[in-house]
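# Structural overview
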Amino acid sequence: MALMLDGVSDTLLPRRYQEEIFVRAQQGNVIAALDTGSGKTYISTLLIKWVAAQNIGRGKITVFLVPKVALVQQQGEFISKQASLRVREFSGATAHDMGDRESWKRELEGADVFVMTAQIFLNLLTHSHWRMDKVSLIVFDECHHTRKNHAYNGIMREYFQVPVSSRPKIFGMTASPIWNPKNAEDSLTTLERNLDSKVIAVKEHVDELIGHSPKPAEVIQVYPTPPITYPEYESGSLRQRLDLDNLPPEMGIPVDKILTKYDVTLYSLGPFGADLFLYMEVKQRVNQLIQDALDSAMDYLTPVQYALTALAPSTSPDALENVHPKLRELDRTLAAFSTFFDTPEPGSMPPDIPLTWCSPKVRMLAETLFDRYTETFQGIIFVEQRHIAACLAMMLSRIPLISHIIRAEALVGHGKETVAKANAKSAGKRYQKDTVKMFRERQINVLVATSVAEEGLDFPACDLVIRFDPVQHMVGYVQSRGRARHKTSTFIIMVQEGAQAQAQRYLQFLQSEPQLKQVYQDRDLALPTPEEEEEDMPDDPADLAERERYVVPSTGAILTYTSAVGLLNHLCSLIPRDRFTPMHVPKYSGDFSATIHLPSSLPLPADLLVYQGPLRRSKKEAKRAAAFLAVKSLHALNVFDDYLLPTRSSRGKEREDPDGVPIGDVRVIPDVLDVHVLDPWTHGRTLWLHVVYVDGLPSAGLVTGTPLFPVDLVANGLYLYMDEPREVVLHPRDAWSQRRAMEEYTRMGLWWCITGRGITLPLTCYLVPITREHKIDFAAMEQAVLHPFGSYNWEGIGEEHYGRLLYMNNKEAGHPMILHRLRPDISPSMRPPPGSREAEYPTYREYWIQKWTRKGYVPVIPEDGPCVEGIVLDRNSSAAYSLDNDHVSPFPPADPTTVIFPLEICRWALMPENIYRTFFVIPELCHRATDIWRAREARIALKLPPIADDVLVQALKLPSSNTRFNNQRLETLGDAVLKLTTVVHLYNKFPHRHEGQLDSMKRVAVSNKTLLARAIERCLERYLSSEGQSTRMWRYHSSSEDDQFSLRPRRQAVRQFPRKSLQDCMEALLGAAFVMGGIDMALQAGTALGISLGGPNPWGIRYGCRLPELEPSPLFTTLQETLGYRFKHGQLLLEAVSHPSFGSTDCSSYQRLEFLGDALIDMVVTEYLYKKFPEATSGQLSWARSRAVCGAALASLAVKRLSLHQLLLVNNVELSMAIGRYVPVLEEISEEEIILHGWKQDPPKALSDVFESVMGALLVDCDWNYDKAASIIEMVMDDLLVKLRPDLPRDPISQLMVWVAQSGCNCVSFAKSQSRPELRRQDSMSVLVHGIMVAGPIPAPNLSMAKGLAAEEARRVLDDPESPHHLSRVCICGKEVTMKEDSTEAPEDVDKDELDDETDEGFAMLARILFEEFADPDVPVAGMAGAEDIVSDDVALVHPEENETTEEIEVEEMMQIDVQEQKDQLYER
């Protein structure tokens, strides 16, 4: 089906013959049989719009199906131009994964018309993404393919399963409805039955149709028979020089196959064409084999050997050591012919090809092209074989007769015989698309094409179409001729002289076409009768009658004979494998009763890996029947899910966890949350008194609107205890004044001891004096608040007050002092003693005047009078406390600093010692009370197990609170707990799913998205503590007095913190539960939090004693002795040492146990580090853990500690050689070197895998007793674990990124490359700074190691002042070494795995994240402050540096006013 898009107007009008077909299509299902170029697609758009108009609001879609990927975009763009409908296009490259149900649902519900390849739509039906009864119209482009097992036919089989009333309308389009002209009526009937449609043609407007679809002139061109020899062709042809007949069979080159094609090419194109084919084919295969040999050699080299080999010349003996000598000889021979056959460089001319080197057929073709050439000439030459097309296209451009006028390219499909097809497939599609585009744009004027150009693709009408090879069938004849649709076009059939059969076949097609058209020309619309539907199918009718169809009841997913084979292949392709294991595929045996053998890497018992199908009448049908039986059985075993998918998508789009519990949509949740957290500090009609004990003695009372829990802590060297609450009963007449007294008294105490400034908003707690009966002492408060700023009357103050009296100098407000002693021996006019701070001035008074003089203000200092000496107190600046009660700073300080001031300007506080001592620690007490109250509320609301208060408080504390503890250490521990508990659950729940499937489900279960959704479901955000602990801002207040007497006080406060905090807290709560009660309590906590862990029951109860006991083989005796453990289930050890390549039928490979062991070792190491280094940060724990569980570390343990390399069951020579080469390296390397530089090693992954699998087997064998397994693993890893420490140096990549982040450079990136052109992989890394390569390319066995080596070198070069690439010389971002807030700042919830460090932006973002993770927490970094509490603007906070003078003056004025009041009172007395 071809349509010229370039000439399509946005407002096409239908022709009369198109309207005729359109009207008939409205009446029923039809197949429009119209010639190429007659506008069938336009008719389909008319029908699409008509159906859409009938279908408004019914929720159905239109599906436009095409047989080839290249047609999707072409037809989609045309429909979009002609219909104002929402059109979506899907092909293999653009379609979503079938496991991504959410995306498919969104797509299918968000558009009206879907243009897609048939297989995708069949998959959508198979996996129940959509139903046939929700489709209003299906358009089949090139519908003659609806036969046998084509996807078109598979779709129609589903169509017939739907009740007639619910079926969609069908519209087929083809230029060739009859496949077999010998039996035209049956061929047409089969197509009509398969499509449930009637073939129709234009009846009333035939003349108009002929005018728009003219027939070309058809010519038979006879060419001579090719000669046996070509005397003028150069002697010593490539065929003779290569000597392929004597190639050793072990080289793997299919000589017979190549020579057969050579002979065909020689006969068709002549000697040059044959040698050209030979050159291209053998060169491709030789290059491939050399690459394989080099790759194989490089795979098992140590890093040092790899670097030496990678940097050696391509022709060096070492580099070619593994290449077969005959391959090297072939490579040299081909190189000698390269200038003759290779495409030359741009600007140079290729050698001419004389016509005497060509076959008579090619000569005739060249002459025909020359004779028929015009300036606007375009033509297509159809051939049967791909290699003929490629060679002929190259030859036409080099034949002197036509080289100046012909610009030719080949256009071929992608067959099964393409060498390295998997690697070249996507590139081939791009080349095909580019070739079509060049032909449309007339950059080339001749296409040499296979049948791929016969139908569908959008080509201009050609002047000349030549069938270079014989026409094989009617469809090919009609379709290829349709490309010549100018009125002056010519269609040439080339026939060899004497080949009567070829000429007669063509003449038969030519003469039978009118009769064939007559078969359907006058047909009326009449649907096939039901009896016809089951007759004359391509397959044996008896086989078809015995076919089954299985529909999954819960989802509607469909299993058929045609889909079963593909589903099995897909399942096997997902089984994880390393580079030493071939692709897993099901193996079929038998003829008319097929037997399927599934790969042993599927974790199934041996009897469930083999399926015997029923007897059938053809081998293909027997294979389908066996596959159907296997898939149905595997679905019952839960290997396939209810959507008949073998695994779930891990792309972050899953809608439910592995237990089937829906996962909420968290995309609407902002990065920063505004949260109403629970907060006890509120007003209320009922007040509660909590007696506060200081060092065991009742000191004061804390009055709150919420009954708080008893708490204790150590703060400023004081032991504090707050007891149970008791209700406060206020006098009914004096309630308001008593509340006011408590408020004023507390404000006074806070001013003296905490804030140094006034608080205007209502307080939510009061610290008050109490009587001996532990009641509020209102009398003491009333006396004290009369003089809130203290008293100047020092009468009665004596030695008994030394060390106990609190006072303040009115010139230095906010700096309280403890009376050390009175100094009547010193007056302001005296000279200070040498060595004192005042010694530089003649008198004390002159020092004080200089110290306190400010612009516009000169202090009044008396000349005479006594002085007072006091101990300076550091006002409490933080409410942070220690969970370990280790803050033992004495109060007052043991080694005090004393100062002297005039007695006249000092005043003392009317608060007893026990009260002000309590005021100094009230921030810590309130902070602790808040934490305990929230923790206990969370424990009850979330139904958590009995986690200790302190541990739960830590789990709920966010880093933004800037306290001495937070949940980050517990989060690191909880991350490992989550991983292990999830893995154990999945391992046991899905015993028949392989590692790849389990890993996919694990990623969903532990993803940030799932954790966030579960946290939101349980309102976890209400219990998190994020408040900053600075006391400059007194936070225990309310915004108004409206709720002061409320019956139902609002115990909540607005806070802000990133949503990532919820995810971290979920893991921290798991870590907290593990700290208190091990795995058992962690399971209880995880279940309460909604995490998919299989329930709260201990593992031993759930999973223990399942396996039959079996004595281990003597092979494992030494291993068991080393472990100090005897296995009860010997089959576990056999499975643990079976590499996937071993292919044992007795047990699965070690992959599932490795999956389990990986999580187990991670947990054991994390727990070890958590306990050993209680002061280590989360980042330090994570990094130390990563060094102990890296591949090199585990491989060294496998070799040195357990000798597992001697037990490993492998059936791969290359892997065995790789292990053999690396074992000596691992035996010699020290544990310290592994920890520090393990990233520089690249041992075969099988060594670390087998260590993990043995540890996994250990956990299963000891009936899931984690503690027992952990103790054995710690013992095995002890030599490695003792080398771990928190201050391990970072890896070179992290070091470089952090260093770059500190430098402020934002234009750094990595770049990968190939060390050797003949290698197929990129194995080298460089570092670029502002586009300048400062390090590399450095090769290594893997890109990760190459990146580390490049980063190490770049760090050295950039930091070397002598280097021309010193950062100051190459960076133009700025010279200051500073962190700037810019566009590289990472969002809170960014996924580091999604950032690309090969771009400047991605590198800068990663560098920023790493800097924030590992920077010194005591060093402030711009832009790194955590979220602050939301504070009312009514709180009077003044920046001390900017407004110190103003504050001092205001306080002094208040004090002076109070002095006058005291003098007036004395006068009155």
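Along each chain, numbering runs from 1 in the same order as the chain's sequence is written. It should be noted that, the model being predicted, local features are given only for residues of pLDDT at least 70 and side-chain atom pairs only at 80 or more, the latter also being counted only at that level, while totals for whole chains, interfaces and linings use all residues. Side-chain measures were taken over the full set of non-hydrogen atoms in the model, leaving aside hydrogen atoms and water.

### Here we look at the overall build of the chain
Note the threshold: Each helix is a run of DSSP H or I of at least 4 residues and each strand a run of E of at least 2, with the numbering of both proceeding from the N terminus. Partly exposed residues are those whose accessible area sits between 20% and 50% of the maximum for their type, while under 20% is buried and over 50% is exposed, using a 1.4 Å probe and protein chains only. Two residues qualify as a contact provided that any one of their heavy atoms is within 4.5 Å of a heavy atom in the partner residue. Accessibility throughout is a Shrake-Rupley quantity obtained with a 1.4 Å probe, and a residue counts as covered only by protein chains that appear here.
Scanning the chain from N- to C-terminus turns up 47 helices and 34 strands. Burial statistics for the chain: of 1469 residues in total, 55% are counted as buried. Residue pairs in contact within the chain that sit at least 24 positions apart in sequence constitute 74% of those at least 6 positions apart. Carbon together with sulfur atoms contributes 51% to the accessible area of the chain, which is approximately 62400 Å² in total.

### Notes on the sheet that holds strand 6 (residues 169–174)
Strand-to-strand pairing in sheets goes through backbone hydrogen bonds, with the strands running parallel or antiparallel. The condition that has to hold: At least two DSSP bridges between two strands are needed for those strands to be called paired. Between N-to-C directions, angles cover 0 to 180 degrees, with each direction set by a line fitted to C-alpha atoms, over the stretch in contact for helices.
Overall, parallel pairing links the seven strands, which are arranged 3-4-2-5-6-1-7 in an open sheet. Each having just a single partner strand, strand 3 (87–90) and strand 7 (198–200) make up the two edges of the open sheet. Averaged over all pairs of adjacent strands, the angle between their axes in this sheet comes to 20°, without regard to strand direction. Relative to strand 5 (residues 135–141), strand 2 (residues 61–66) is paired through five bridges, and the arrangement is parallel. Within strand 5, the residue paired with Val63 across the bridge is Ile138. Against the sheet, helix 6 (residues 151–159) engages strand 2, strand 5 and strand 6, with an angle of about 155° to strand 5.

### Concerning the side chain of Asp1162
Turning to its location among the elements, Asp1162 is positioned in helix 35 (residues 1151–1172). Accessibility expressed as a relative area gives 8% for Asp1162, which makes it buried. With sequence-adjacent residues up to four places away left out, Asp1162 is seen in contact with Ala976, Lys979, Arg1185 and Val1189.

### Thoughts on unusual backbone geometry
Omega for the peptide link from Gly1336 to Pro1337 comes to -5°, which places this bond in the cis form. By the element assignment, Pro1337 lies in strand 34 (residues 1332–1339). Positive phi, close to 50°, is recorded for Lys148, a residue that is not glycine. Tracing the backbone through its elements, the reader meets Lys148 in the loop between strand 5 and helix 6. In this structure, Ser1203 takes a positive phi of about 50° despite not being glycine. On the secondary structure map, Ser1203 appears in the loop between helix 37 (1191–1201) and helix 38 (1213–1228).

### A look at a nonpolar patch on the surface
To be explicit about the condition: Patches draw on residues past 30% relative accessible area with no salt bridge. Two like charges within 9 Å are joined, as are two nonpolar side chains (Val, Leu, Ile, Met, Phe, Trp, Tyr) within 5 Å. We define a salt bridge as a contact between a side-chain nitrogen of Lys or Arg and a carboxyl oxygen of Asp or Glu at a distance within 4 Å.
A cluster of nonpolar residues, Ile220, Val222 and Leu507, forms a patch on the protein surface that exposes about 210 Å² of accessible area. For Val222, the position within the fold is in strand 8 (residues 217–223). Take Val222: its relative accessible area is 44%, and that puts it in the partly exposed class.

### A short note on the packing of aromatic side chains
Put simply, the test is: Only rings of Phe, Tyr and Trp enter the pairing, Trp through its six-membered ring, and a pair is recorded when the two centres are within 6.5 Å. The plane angle decides the type: under 30 degrees is stacked, over 60 is edge-to-face, the rest tilted. Whether a charge lies above a ring is judged from NZ of Lys or CZ of Arg, which has to be within 6 Å of the ring centre and within 35 degrees of the ring normal.
As enumerated under the stated definition, the model contains 34 aromatic pairs in all. Where Tyr745 meets Phe919, the ring centres are 6.3 Å apart and the plane angle is 45°; that geometry is what we call tilted. Residue Tyr745 is found in helix 23 (residues 735–755), and its partner Phe919 is found in helix 26 (residues 913–941); the two are separated by 174 residues along the sequence. Across this residue pair, the class does not change: Tyr745 and Phe919 are buried. Geometrically, the ring pair formed by Trp751 and Phe789 is edge-to-face, given 4.9 Å between the ring centres and 85° between the ring planes. With Trp751 in helix 23 and Phe789 in the loop between helix 24 (778–785) and strand 26 (806–809), the pair connects residues that are 38 residues apart, well separated along the chain. Each of the two residues, Trp751 as well as Phe789, counts as buried. By the ring-pair criterion, three or more aromatic residues cluster together here, those being Tyr233, Phe272, Tyr279, Phe337, Phe340, Phe341 and Trp357. Directly above the aromatic system of Tyr643 lies the positively charged group of Arg101, at a separation of 3.3 Å from the ring centroid.

### With respect to the packing of helix 28 (residues 968–989) against helix 36 (residues 1178–1188)
For clarity, the cut-off: Each residue gets one label: Ala, Val, Leu, Ile, Met, Phe, Trp, Tyr, Cys and Pro are nonpolar, Asp, Glu, Lys and Arg are charged, and the others, such as Gly, are polar.
The geometry of helix 28 relative to helix 36 is characterised by a closest axis approach of 8 Å and an angle of 30° between their N-to-C directions. Across the interface between the two elements, Gln968, Arg969, Glu971, Thr972, Asp975 and Ala976 from helix 28 touch Ser1178, Leu1181, Ser1182 and Arg1185 from helix 36. Grouping the amino acids of the contact of helix 28 with helix 36 by side-chain chemistry returns two nonpolar, four polar and four charged.

### Considerations on the sheet that holds strand 16 (residues 587–589)
Pairing within the open sheet is antiparallel, and its three strands lie in the order 16-17-18. Both outer strands of the open sheet, strand 16 and strand 18 (610–612), are each paired with one neighbouring strand and no more. Looking at each pair of strands side by side, their axes are set apart by 20° on average, direction ignored. Relative to strand 18, strand 17 (residues 595–597) runs antiparallel, the two sharing three bridges. Note on strand 18: the bridge partner recorded for His597 is Val610. Together, strand 16, strand 17 and strand 18 form the strand contacts of helix 22 (residues 619–636), whose direction differs from that of strand 18 by roughly 130°.

### Brief notes about the environment of Phe1142
Turning to its location among the elements, Phe1142 is positioned in the loop between helix 34 (1130–1136) and helix 35. Placed 561 residues apart in sequence, Phe1142 and Thr581 show a C-alpha to C-alpha distance of 9.1 Å. With near-sequence residues (within four places) excluded, Phe1142 lies in contact with Leu1209, Val1210 and Asn1211.

### Brief notes about the confidence of the model for the chain
As a general rule, the predicted coordinates of low-pLDDT regions are not to be interpreted in detail. Formally: The predictor attaches a confidence to each residue, and that confidence, scored 0 to 100, is pLDDT.
Chain-level statistics for the chain give a pLDDT mean of 83 and a share of 86% at 70 or above. Across the chain, helix 41 (residues 1266–1276) holds the top mean pLDDT of 96, while helix 47 (residues 1440–1468) sits lowest at 41. Counted against residues more than four places away or in other chains, residues 1–11, with its pLDDT under 50, gives 34 contacts. Taken as a whole, residues 1375–1388 scores under 50 in pLDDT and shows 33 contacts with residues more than four places along the chain or in a different chain.

### Digging into the pattern of salt bridges
Applying the stated criterion across every chain, the model contains 62 salt bridges. Bridged by salt links that share partners, the residues Asp679, Arg934, Glu1027, Arg1035 and Arg1055 form one connected network.

### Examining the environment of Asp243
Note the threshold: We define a polar contact as two N or O atoms separated by no more than 3.5 Å, with the added condition that, inside protein, one atom must be a possible hydrogen donor and the other a possible acceptor, whereas residues neighbouring each other in sequence contribute only through side-chain atom pairs.
Among the secondary structure elements, Asp243 is positioned in the loop between helix 9 (238–242) and helix 10 (255–269). Note on Asp243: relative accessible area 29%, which makes it partly exposed. Separated by 87 residues in sequence, Asp243 and Leu330 place their C-alpha atoms 9.1 Å apart. Within polar-contact distance, the side chain of Asp243 engages the side chain of Asn246 at 2.9 Å.

### Comments concerning the nonpolar core
A general trend in soluble globular proteins is that nonpolar side chains are found buried together. Rules: In this description, a nonpolar core means a group of buried Ala, Val, Leu, Ile, Met, Phe, Trp, Tyr and Cys residues linked to one another through side-chain atoms lying within 4.5 Å.
Counting 214 residues, the largest nonpolar core has Met911 and Phe1251 as the members making the most contacts within it. Non-local contacts of Phe1251, meaning those with residues more than four positions away in its chain, are made with Ile1161, Leu1194, Leu1197, Ala1198, Leu1202, Leu1204, Val1276 and Met1277. Residues Ile253, Val383, Leu392 and Val448 belong to the second largest nonpolar core, which totals 63 residues.

### Quick word on the pairing of strand 4 (residues 113–117)
Counting buried positions over the five residues of strand 4 gives five, a clear majority of the element. Burial of strand 4 is two-sided: the residues Val113, Val115 and Thr117 facing one way and the residues Phe114 and Met116 facing the other way are all buried. Relative to strand 4, strand 2 is paired through five bridges, and the arrangement is parallel. Within strand 4, the residue paired with Val63 across the bridge is Phe114. Summarising the sheet, strand 3 and strand 4 pair through four bridges and their orientation is parallel. Pairing of Arg88 across the sheet is with Phe114, part of strand 4.

### Concerning the pairing of strand 6
The side chains of a regular strand alternate between the sheet's two faces. Counting buried positions along strand 6 gives six out of six residues, so the element sits mostly inside the fold. Taking every second residue as pointing to the same face, both faces of strand 6 are buried, with Lys169, Phe171 and Met173 on one and Ile170, Gly172 and Thr174 on the other. Pairing of strand 1 (residues 30–33) with strand 6 involves four bridges; the strand directions are parallel. Looking at the pairing, Ala33 lines up with Thr174 of strand 6. Pairing of strand 5 with strand 6 involves five bridges; the strand directions are parallel.

### A few points about helix 28
Note the threshold: Any helix carries an expected span of 1.5 Å times its number of residues minus one.
Taking 1.5 Å per residue, 22 residues should reach 32 Å; helix 28 reaches 31 Å between its end C-alpha atoms and fits that length. Helix 28 sits mainly inside the fold: 20 of its 22 residues count as buried.

### Details of helix 24
Put simply, the rule reads: Regarding the arc, it is the one traced by the directions from the helix axis to the C-beta atoms.
Among all positions of helix 24, only Phe778, Met781 and Ala784 are buried. Viewed end-on, helix 24 has its buried residues packed into an arc of 125°, placing them on one side of the element.

### Section: the packing of helix 5 (residues 118–126) against helix 6
Describing two packed helices takes the angle between their axes plus the distance from one axis to the other. Note the following rule: Here the word oblique covers every angle except those under 35 degrees (roughly parallel), over 145 (roughly antiparallel) and from 65 to 115 (roughly perpendicular). Should the near helix be turned anticlockwise from the far one by less than a right angle, the crossing is left-handed, and should it be turned clockwise, the crossing is right-handed.
Packing of helix 5 against helix 6 leaves a shortest axis separation of 8 Å and a crossing angle of 30°. Compared by their axis directions, helix 5 and helix 6 come out roughly parallel. Like other packed secondary-structure pairs, helix 5 and helix 6 cross with a definite hand, here left-handed. The segment helix 5 lies against helix 6, with Ala118, Gln119, Phe121, Leu122 and Leu125 engaging Ala151, Tyr152, Gly154, Ile155 and Glu158. When the residues that make up the contact of helix 5 with helix 6 are grouped by side-chain class, the tally is seven nonpolar, two polar and one charged.

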